Amino acid sequence: MLRLLRSKRLLIGVVHLPATPGAPRFAGDRSAIARRAVDDARMLVGGGCDAVIVENFGDVPFFAHSVPPETIAALALAVAAVVEAVGDVPVGVNVLRNDARAALGICAATGARFVRINVHVGAAVTDQGLIEGDAATTLRERQRLCPGVALLCDVHVKHAAPLGGGSIESAARDTLLRGLADALIVSGVATGSAPDVARLVAVRKAVPGAPLLIGSGLAETNARKLLAHCNGAIVGTSLKRGGEVGQPVEAVRVVRMRKLFDKLASRAK
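Here's what I pulled together on the structure shown here. Just so we're clear, the structure is a prediction, and the values are computed from it rather than from any experiment.

### Re the overall build of the protein chain
Alright, step 1. Along its length, the protein chain carries nine helices and 11 strands.
Alright, step 2. Relative to its length of 269 residues, the protein chain is compact, with a C-alpha radius of gyration of 17 Å against a globular reference of 18 Å.
Alright, step 3. Taken over the C-alpha atoms alone, the protein chain extends approximately 45 × 40 × 30 Å along its principal axes.
Alright, step 4. If you take every contact in the protein chain between residues at least 6 apart in sequence, the share linking residues at least 24 apart comes to 69%.
Alright, step 5. Of the roughly 11,400 Å² of accessible surface on the protein chain, 54% is carried by carbon and sulfur atoms.
Alright, step 6. Taking the average place of the 33 positive charges on the side chains of the protein chain and the average place of its 23 negative ones, the gap between the two points comes to 8 Å.

Take a look at the structure:
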């Protein structure tokens, strides 16, 4: 995964899990969670995604910090099924809202190869309340459990405001140089919302050598202008049927996005 992060036009598809046991919207069918995850993952990989990331998107409202054991167990089962289904393609985990320790544990148990951490350094005011980064613990637990797992960390994450303000440039430098992130993520203000180009440019200038990914809102209509400033993107909503986040992945959308990524990469050479 670390090698892929240095490549151009990296396409990471998102597997949004339905609500897991214990969450308010859990529908009661435990086996359906893994089935849906595997179906979406196969569509993503079959269409050309370089990697996939699994997240408990259906578990709203989210816990600010540690999630309960039943959530970790359900995620681990889904991730293990996806890892088996996609072979050598890297699989990642995002335990919402910010349980990096659980994500690392799932990687250690399943062979998943990267995690997304929404708040890695500093603190943010979110719809879950105050969330504080804990890079010191995360790095030490990674070293103990799964040293090869890559940390993909948001800078001024969506659905949040940085506590105390501060520029996105400073946050990017702190996340990379003091938090030792392997890659940085810049998103828009919410799920499905694209980041401003100015934010991408600011982060790229602040840390020119860092792998930089778009974390939300990338679509066929804006890919050209956004990908000019970064290494790739984590893409969820625009790969779903009708562009609706709650729908299954649509194969034709993945194929079109892959072709667009490749076209833009060839032009950049």
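We are not done yet, so read on.
### Observations regarding helix α7 (residues 197-206)
Alright, step 1. Those residues of α7 that fall on the buried side of the exposure criterion are Leu-200, Ala-202, Val-203, Arg-204 and Ala-206.
Alright, step 2. On the buried face of α7, the contacting elements are α6 (168-178), β9 (183-186), β10 (212-214) and α8 (223-227).

### Topic: the pairing of strand β11 (residues 232-235)
Alright, step 1. Both faces of β11 are covered, namely the face carrying Gly-232 and Ile-234 and the face carrying Ala-233 and Val-235.
Alright, step 2. Where strand β1 (residues 10-16) meets β11, four bridges bridge the pair, whose relative direction is parallel. The residue of β11 that forms the bridge with Leu-11 is Ala-233.
Alright, step 3. Where β10 lies against β11, two bridges are found, and the strand directions are parallel. Looking at β11, one finds that Leu-213 is bridged to Gly-232.

### Describing the packing of helix α2 (residues 30-47) against helix α3 (residues 69-86)
Alright, step 1. It is the contact of α2 with α3, at a shortest axis distance of 9 Å, that shows an interaxial angle of 35°. As α2 packs across α3, the resulting crossing turns out to be right-handed. When α2 is examined against α3, the residues Ile-33, Ala-34, Ala-37, Val-38, Ala-41, Arg-42 and Val-45 are found in contact with a partner set consisting of Ala-78, Ala-81, Val-82, Ala-85 and Val-86.
Alright, step 2. Considered class by class, the residues forming the contact of α2 with α3 number 11 nonpolar, no polar and one charged.

### Focus: the sheet that holds strand β5 (residues 123-126)
Alright, step 1. In spatial order, the strands read β6-β5-β8; together these three strands make up an open sheet with antiparallel pairing. Edge positions in the sheet fall to β6 (129-132) and β8 (160-162), since each has one partner strand and no second. With strand direction ignored, the average angle separating the axes of adjacent strands in the sheet is 30°.

### A short note on the sheet that holds strand β7 (residues 150-154)
Alright, step 1. The eight strands are arranged β1-β2-β3-β4-β7-β9-β10-β11 in a closed barrel whose pairing can be described as parallel. With strand direction ignored, the average angle separating the axes of adjacent strands in the sheet is 25°.
Alright, step 2. The pairing of strand β2 (residues 51-55) with strand β3 (residues 91-94) spans four bridges and is classified as parallel. When the sheet's bridge partners are listed, Glu-55 is paired in β3 with Asn-94.

### Considerations on the pattern of salt bridges
Alright, step 1. Evaluation of the coordinates by the stated rule reveals 11 salt bridges.
Alright, step 2. Notably, a salt bridge pairs Asp-262 with Arg-258, separated by 3.0 Å at the nearest N-O pair. Pair noted here: Asp-262 and Arg-258 are both in helix α9 (residues 251-268), with a separation of four residues, about one helical turn.
Alright, step 3. On the basis of relative accessibility, which here comes to 40%, the residue Asp-262 falls in the partly exposed class.
Alright, step 4. Given the relative accessible area of 12%, Arg-258 is considered buried.
Alright, step 5. Salt bridges sharing partners connect three or more residues here, namely Asp-50, Arg-258 and Asp-262.

### Some thoughts on unusual backbone geometry
Alright, step 1. In this model, Val-60 is joined to Pro-61 through a cis peptide bond whose omega is -10°.
Alright, step 2. Among the secondary structure elements, Pro-61 is positioned in the loop between β2 and α3.
Alright, step 3. Arg-97 follows Leu-96 through a cis peptide bond whose omega is 10°.
Alright, step 4. Relative to the helices and strands, Arg-97 resides in the loop between β3 and α4 (100-110).

Cut-offs and rules
Residues numbered from 1 in each chain as written. Predicted model: local features only at pLDDT ≥ 70, side-chain atom pairs only at ≥ 80, totals over all residues. Heavy atoms only, no water. Helix = DSSP H or I, 4+ residues; strand = E, 2+ residues; numbered from the N terminus. Rg over C-alpha atoms; globule rule 2.2 N^0.38 Å. Contact = heavy atoms within 4.5 Å. Areas by Shrake-Rupley, 256 points an atom, 1.4 Å probe, with all protein chains shown as cover. Lys, Arg positive; Asp, Glu negative; His and termini not counted. Charge placed at Lys NZ, Arg CZ, Asp CG, Glu CD. Buried < 20%, exposed > 50% of the residue type's maximum accessible area, 1.4 Å probe, protein only. Pairing = 2+ DSSP bridges. Axes fitted to C-alpha atoms, helices over the stretch in contact; angles between N-to-C directions. Left-handed = near helix turned anticlockwise from the far one by under 90°. Nonpolar A, V, L, I, M, F, W, Y, C, P; charged D, E, K, R; others polar. Salt bridge = Lys/Arg side-chain N within 4 Å of Asp/Glu carboxyl O.

Purely spatial values, then, with no claim about function.
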